[in-house]
Structure formats: structure tokens, C-alpha cells
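Next come the chains, spelled out residue by residue.
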Amino acid sequence: MKRIYLSTLLIAIALQGTANDNNRSPKEPVDYVSTLVGTMSTHELSHGNTYPAIAMPWGMNFWTPQTGKMGDGWAYVYTSNKIRGFKQTHQPSPWINDYGQFSLMPITMPTTTPITGTEPVFNEDKRASWFSHKTEIAQPHYYRVYLADYDVVTEIAPTERAAIFRFTFPASEHSYIVVDAFDKGSYVKVIPAEKKIIGYTTRNSGGVPANFKNYFVLQFDKPFTYQASVSGDSIRPHQLEAQVNHAGAIIGFSTKRGELVHVRVASSFISAEQAELNLKEVGTHSFEEVKAKGRKKWNDVLGRIEIKDDNTDNLRTFYSCMYRSTLFPRNLAEIDAKGNVVHYSPFNGKVLPGYLFTDTGFWDTFRCLFSFVNLIYPSMGAKMQEGLLNTYLESGFFPEWASPGHRSCMVGNNSASVVADAYLKGITKVDAKKMYEGLLYGANHVHPQVSSTGRKGFEHYNKLGYVPYNVDINENVARTLEYAYDDWCIYQMGKKLGRPSKELDVYKQRSLNYRNVFDKETKLMRGKNADGKFQSPFNPFKWGDAFTEGNSWHYSWSVFHDIQGLIDLMGGDKVFVAMLDSVFNLPPIFDDTYYGGVIHEIREMQIMNMGNYAHGNQPIQHAIYLYNYAKQPWKAQYWLRETMDKLYSASPDGYCGDEDNGQTSAWYVFSAIGFYPVCPASDEYVLGSPLFKQANIHFENGKTLEINAPNNDAKARYVESLTYNGMSYPHNYVKYSDILQGGKVDVKMSETPNFKRGTANTDLPYSLSRE
């Protein structure tokens, strides 16, 4: 008992020391990040639906402590009190779930004899250990937790495709590490002479070809005195190999009090040999060296936006959101023995040259995440565009939701936005003509197996100018609105490529199709039947049906490219502003009959006390900025601060809905520095209300944009005046081409609105109708 007590005491002291180190006054961006933001979520209510990704920016492999059962999309939930293992994960969303996962779990046994095969240590429920958040350190580049049932400390430091684990064991004759390759087809082999375990897992949730495997290798620094393979529930001592539905391995040794055991882990979607190559990312580096390299990488990435402010809570929220904005899409590429960039194709199962990115849904992320990447990390954006071209070449379509291959999820053809925005901003380095070809194909076809890839209902849309309400195609108004914007993106890219006017005119005209589902009677978007009559009855508060995860009050603003045209349809600026005001003034009433019950997105709108504004889902996230188009920018400034202040924080319940692969986080990052890309593929960002006293944006071209608002505070949310490089700047937008040149923006904030600034026609952001 005395030895156990001393061991526990020493580990607690070590943990306290590390906690004190991490609680020092933060000096670098990564110190402000909490990876636990958004983890207090359930199926019924999302505060982010995230997990604490221990990862490098855009890394191939993430790691997470696992509190949920095998196969549960809610892999880590903050309110849980037991950890089942430490899982390699590629999950973009709990709704999409995971692929290529396996886990490690250190345990100790109080028995005087080794595991015989009858003990339930491979049962994830029974091997789970109690833990406390008080002993948990959760940073992007480093994770640490104390497993109370085993008196073991686990630490993880990742690289892009590998990681190093450090386990601190107590004095025990029977210390073990359990490797779980998960079910649905897996393989493990223990190689005692090399202190190694190899294997593969095939567990996935779709989007993979028949030959899909994630090959893994684990290299230990301590010889095994015990080894067993696991087949299902059967532990088989001295049998070193298992290839079954659910395979695993257990290795063991005796440990002294405080003894450190290191495990270097890597995996590959290409081959076992490639997994060994990926293991070189950690090589012979010590744990502290890998941790330090990871810290430097994150500081380099997060440091592209340098915030100077005395509000620590806002700094923590900002950098935690910036961390989430740089995780996805995932870089699936690996480096072969010759130093070439190659990837396993989830579309045809081949190993092919070049980059490939995955684990993102464009319905969410076209809105601002890719604009954020293109602005702050253009070299990474160029790699993403190469990856998109490879997806088209390998599958015949650009992705709309990929994880890792095409997935049937959501609506729209928003790859057009992602491709066009990058090309028009000079990001794309690969064959733009071929990418444009892919856009044209996707606009006029639908994937034969994955109907959400390409354009479902394109025949109706091309013929009638809308997707009809009374045909067997759901969420038809949402599709019509997004297809119209996507057609504008194609039109813009085609113009720059010098395509024939006959071709361009088709897509320019189709970009006006939003008019076909606008109902003058209600001044809202409304389903329309094939005969040209609007759906009846019509309830603008009905979620789903003609819309996607929202209602007509949410979707009627989805005319990103022609807000002036929408203003004209509604009857002018005053009516438009009154309609936009109504979103916030209406009570949070809803009709959930389409879903047969309250979905979590509805509940998240209902409880936020912001009327019918549903920031927890993407369709309306740009709408606040639209006051700038109707000459009342001060209302945008008011509601932007309300949203940033009330709906975001750096706590486990820090989001007001699904974070969604960086989109909801990138909204905050853009909004906090003072501008937002309402219309990706245009050259403009719409101005808002900067949150900080100073934000310095360090561009890859070596230029810096300095945004100063020295009198900024919680009450001073309105822009009284703005100067750009010393000159008065009255406009409600800034141009991409201008801010890339750097310079100095000085903003005078006020507690009262300036009703004169931003009210001239020349101050309004881009609209097609004003082109």
C-alpha cells in the first residue's frame, strides 16, 4: 500500500507541475488553445460536436482519448468520466463517423500471475478507467491524462502521420498495453524480437473501395515479457497473430515506480511498408523533441494572425477557433521512399501521385473556411486545389461531401464555389481548364451511386429554372438557391478563362434562378411546383421540406452573389431591413413535422434567445452582414457582437451548434478581425465590427495588414470611422487584391452607431445586379 501511495503521490506532483507550467501567463498562440471546446455535446444538443484532436494542422492522422464505445461517433464527450482507449481517428463529424481507427490502452493488473485469457481486459467497457479533467491537459500538440484505475499517466505528441506515446507506469509485475484494431475485419501480429506490433484495420462508415485498409506499426522501447493476440473475446497467450473480424494484441512487462515506456506509432492507407516510412516522422526523436516540434508548427500556423488585446477570454476563443479552422480538410497524401508525394485513392483504390484532401462537406465549408485558407495559407490552398483536381480525375466528379471518398450527405454543388474562389484569387497552380471542365460536368450530371455529388435534379433545374417542390427531390428550394450561386461561380471562372460568351450566358442567366422561387406575397423563398404554382399550404417556419436543416426565414438570404437583386425583389432597402430585423424579432417558433420531431439544430436555435436566428447551422451565418448591402451597417455591427459575445466561448460548450469542420470557427475568426467573405469567388470581404484592439495579419507574400481599434471594448461595438493607410474609407467592403498589399487600418469604435457612414451607393458590396 505504501509503494502504491507513493507512486500515486509522485505522479500527482508531476501532473501538478505540468499543470502549473501550462497555466502560466500565455505568451504564444498555442497557449490560448483549448482542444476541449465543443466537446460537451450529445445527439440531442450540440455545443460543437467536436473531439479533442491531438494533431498537426491538416494532418493525416489525428488522435483522441476515447470515452465512447467502438463505432460511436461521439468518440469523446466532456461529461463522460471513463476513458476506454486512445484512438487514432479520421472522423470529420459524429454524423459521418470514422474510418481507419485503432486504439491503445495501458492497464495494470493487481494479480500475481500474468493474463491467462479469461480476464476481460479486451472488453472496452471493463478496461475503461476513471479520469478527471483536473488531471487532463488538452492542447493541439500535446495531451496528458491520469488513468486512475491503473495509476498510469498517458501522454501523446503527434506528427502528421505518426505519434509518440509516453506512459508513466507504477511499480507492477503486470503492466500491459492493449492494442485494439477494432471490428469489421482487422489483423495484428506481435513481433517480440523487434519489440513491435503491426497490423491493419478496415473499420469504416462508407466512402471506401473494397481494398481499403489502414496499416499500422507500433514500436516499443521496452522488451515484452508477455504477449498475446486477441480474436474477438478470446485472449490467446503466446499466439502472436490474429486475422479475424475483431483482432487485437496485448503485450506486457514488469515496471518500476515512475518508469517511462515509449511507443512510436504510425499508419498508412497505402501499405505496411509505407507505415514504416511514416514512422520516420518520429524516428529516434525524444518525446520532448516531438512535442516541441509540434508546438512550433502550431505557433507558426496560428501566428499568421497576431492578436494584441487584454481580453484573455476572447483570445482563448479566437485561437481555439483558429485551431479548428486549420484541421480540415485532411491531407491524405504520404511521402514514398523516393520522396514523392503520393496518395491512396478512396475512389478507385489505387496509389497515385500528388495530393488528395478529404473529410470536409462543402455545404458547410464553402461559406468561409476555404476563403480563410486562400487568404491566410495560400500555399496550402494550392495543394487543396491539386487534390480536388485529382478527385475529379479519379472519380469523374468533384467532391461535395468526402470522407474519405464520396458520401451521400447534404445538398448543393458547392465545389463550384471552392474551385472558382481559389482560381479567381490566383491560388490554383494546376490545370484550371481541366478543373473548369469538371465544374461544367458536375453542373449537368449526378453521380450514379452518390446522388448528393454533382447536381440532383439538374434536369428540372436546367429546364424550368428551379427544382420543383412536387417531384421526388427533397429540399428543392435549397438546391435551387445553391445551384444558382454555383452557376454564378462557374460564370465568373469561365469569364477569366476566356470561355465563349454563348457558354457564359447560360450560367449567368441560370445564376438568376433564385428569382424563380421568390414569393412576392410573403417576400420569402418558397417551394414551387412543376406547373409554376407555389406550394400550398406554406409555413415559413417549417424546417426541412423545401429547405435543408432550416426554414424559409433562414434560407431566403442565400443569394450570396446578388443581394441587391434580392433587395429589389423584396421591395427596396427599408423592406429588406425590416425582413432581416424580423429574423431576430420573431420568437423561436418552429414546425418540425418534416423530421417527425425536434432535431438538434432546431433546439439550438430555440434556446439561444436570438429569435429565429439559427447561427448553430450554416445557411444563415452570412445574413447579419447583409445589413451592409441595405445601407445600415451599424445593425450588422450590433448583431455581430451579440453573436460573438453570446454564442462563442473557449469552454466545452463553446459553440451554439455543430462546429462542422472549421466553418463555424472560421466565421468567428473572420468576424473577430472585422470582415467576412459573404460571396466567395468575388474579390470582396464585407466589413463588420472588429473585436480586438489590434490584429496583425501576416500574409505569405511577406506583407502585413495591421488593424487597429485602440478604444475597442465590449460596449464600443460600432464603427465610428475608418481609415486605410491614412485615408478616410467609407465603404462597407474591402478588396482581396488591396488587403494582400498590407497596410494599416485604423478603426475608431463607439458605443453609439454612426448613421451616416456606409450609406452611399458607392459604399455597397458587390452584387450581380450592380455589375
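These remarks concern the structure in this document. Within each chain, residue numbers correspond to sequence positions counted from 1 in written order. Where totals are concerned, whole chains, interfaces and linings use all residues; where local detail is concerned, this predicted model gives features only for residues with pLDDT of at least 70, and gives and counts side-chain atom pairs only at 80 or more. The basis for every side-chain value is the complete set of heavy atoms in the structure, and neither hydrogens nor water enter the calculation.

### Re the sheet that holds strand S6 (residues 137-139)
The criterion, for reference: Strands were regarded as paired on the criterion that DSSP finds at least two bridges between them. Counting from the N terminus, the helices are the DSSP runs of H or I reaching at least four residues and the strands are the DSSP runs of E reaching at least two. As a rule, the C-alpha atoms of each element are fitted with a line to give its axis, helices using only the stretch in contact, and angles between N-to-C directions run from 0 to 180 degrees. The contact definition used throughout considers only heavy atoms, calling two residues in contact when any of these lie within 4.5 Å.
Read across the sheet, nine strands follow the order S6-S7-S8-S9-S18-S13-S12-S11-S16 without closing on themselves; strand pairing throughout is antiparallel. With one partner strand each, in any of the chains shown, S6 and strand S16 (241-244) form the two edges of the open sheet. Here the strands of the sheet are splayed against their neighbours by 15 degrees on average, with no regard to which way each runs. Judged from the six bridges that link them, strand S12 (residues 196-201) and strand S13 (residues 214-220) form a sheet pairing that is antiparallel. Within S13, the residue paired with Lys 196 across the bridge is Gln 219. Contacts between helix H3 (residues 272-279) and the sheet are confined to strand S9 (162-169), S12, S13 and strand S18 (259-268), with S18 contributing the most and set at about 130 degrees to the helix. Each of strand S7 (142-147), strand S8 (152-158), S9 and S18 touches helix H4 (residues 287-302); the most contacted strand, S8, lies at about 50 degrees to it.

### Structural notes on the pattern of salt bridges
Definition in use: Here, a salt bridge means any Lys or Arg side-chain nitrogen found within 4 Å of an Asp or Glu carboxyl oxygen. Residue exposure (1.4 Å probe, protein chains only): buried if accessible area is under 20% of the type maximum, exposed if over 50%, otherwise partly exposed.
Following the criterion strictly, the structure yields 32 salt bridges and no others. Among the salt bridges present, the one from Glu 642 reaches Lys 646, with a minimum N-O distance of 2.7 Å. In this pair, Glu 642 and Lys 646 are both assigned in helix H18 (residues 633-647), four residues apart and thus about one turn of the helix distant. Classification of Lys 646 as exposed rests on a relative accessible area of 53%.

### Brief notes about helix H5 (residues 312-324)
Basically, it comes down to this: Each residue after the first adds 1.5 Å to the expected span of a helix.
Along its 13 residues, H5 runs 18 Å from first to last C-alpha, staying within 8% of the 18 Å computed at 1.5 Å per residue. By the criterion of burial, H5 is predominantly enclosed, with ten of the 13 residues buried. Those residues of H5 lying buried are Asn 314, Leu 315, Thr 317, Phe 318, Tyr 319, Ser 320, Cys 321, Met 322, Tyr 323 and Arg 324. If you follow the buried residues of H5, they end up packed against H4, strand S19 (305-308), helix H7 (369-376) and helix H19 (663-673).

### What to know about helix H13 (residues 501-510)
Short version of the rule: Within this analysis, the arc is defined by the directions that extend from the helix axis to the C-beta atoms.
Residues Glu 503, Leu 504, Tyr 507 and Arg 510 constitute the buried set of H13. An end-on view of H13 places all buried positions within 130 degrees of arc, on one side of the element. Along H13, the residues that are exposed and aim more than 90 degrees away from the buried face are Ser 501, Lys 502 and Gln 509. On the buried face of H13, the contacting elements are helix H10 (432-443), helix H11 (458-464) and helix H12 (476-497).

### Concerning the state of the cysteines
Heads up, the condition is: Criterion for a disulfide: a pair of cysteine sulfur atoms within 2.5 Å.
According to the stated counting rule, one finds zero disulfides in the structure shown. Here Cys 321 stays free of any disulfide, with the sulfur of Cys 656 as its closest cysteine sulfur at 10 Å. Looking at Cys 679, it has no disulfide partner, and the nearest cysteine sulfur is the one in Cys 489, 6.4 Å off. We classify Cys 679 as buried; its relative accessible area is 5%.

### Describing the packing of helix H9 (residues 415-424) against H12
Keep this limit in mind: An angle below 35 degrees is treated as roughly parallel, one above 145 as roughly antiparallel, one from 65 to 115 as roughly perpendicular, and anything else as oblique. In this scheme the handedness of a crossing depends on how the near helix is turned from the far one: anticlockwise by less than a right angle means left-handed, clockwise means right-handed. For this classification, Asp, Glu, Lys and Arg are treated as charged, while Ala, Val, Leu, Ile, Met, Phe, Trp, Tyr, Cys and Pro are nonpolar and the rest, including Gly, are polar.
Where H9 contacts H12, the axes come no closer than 9 Å and their chain directions differ by 30 degrees. Relative to H12, the element H9 is oriented roughly parallel. Read as a crossing pair, H9 and H12 show a hand that is left-handed. In this structure, H9 uses Ala 416, Ser 417, Val 419, Ala 420, Tyr 423 and Leu 424 to contact H12, whose residues at the interface are Tyr 485, Asp 486, Cys 489, Ile 490, Gln 492, Met 493, Lys 496 and Leu 497. Classifying every residue of the contact of H9 with H12 gives ten nonpolar, two polar and two charged.

### Here we look at the side chain of His 554
Under the convention used in this document: Two N or O atoms form a polar contact when they lie within 3.5 Å of each other; inside protein one atom must be a possible hydrogen donor and the other a possible acceptor, and for residues adjacent in sequence the pair counts only when both atoms belong to side chains.
Looking at where His 554 falls in the secondary structure, it is placed in helix H14 (residues 552-555). Judged by its relative accessible area of 2%, His 554 falls in the buried class. Here the side chain of His 554 touches Asn 612 through a polar contact of 2.8 Å, landing on its backbone oxygen. Those residues within four positions of His 554 in sequence are excluded, and the remaining contacts are Trp 543, Met 605, Asn 612, Ala 614, Pro 619 and Ile 620.

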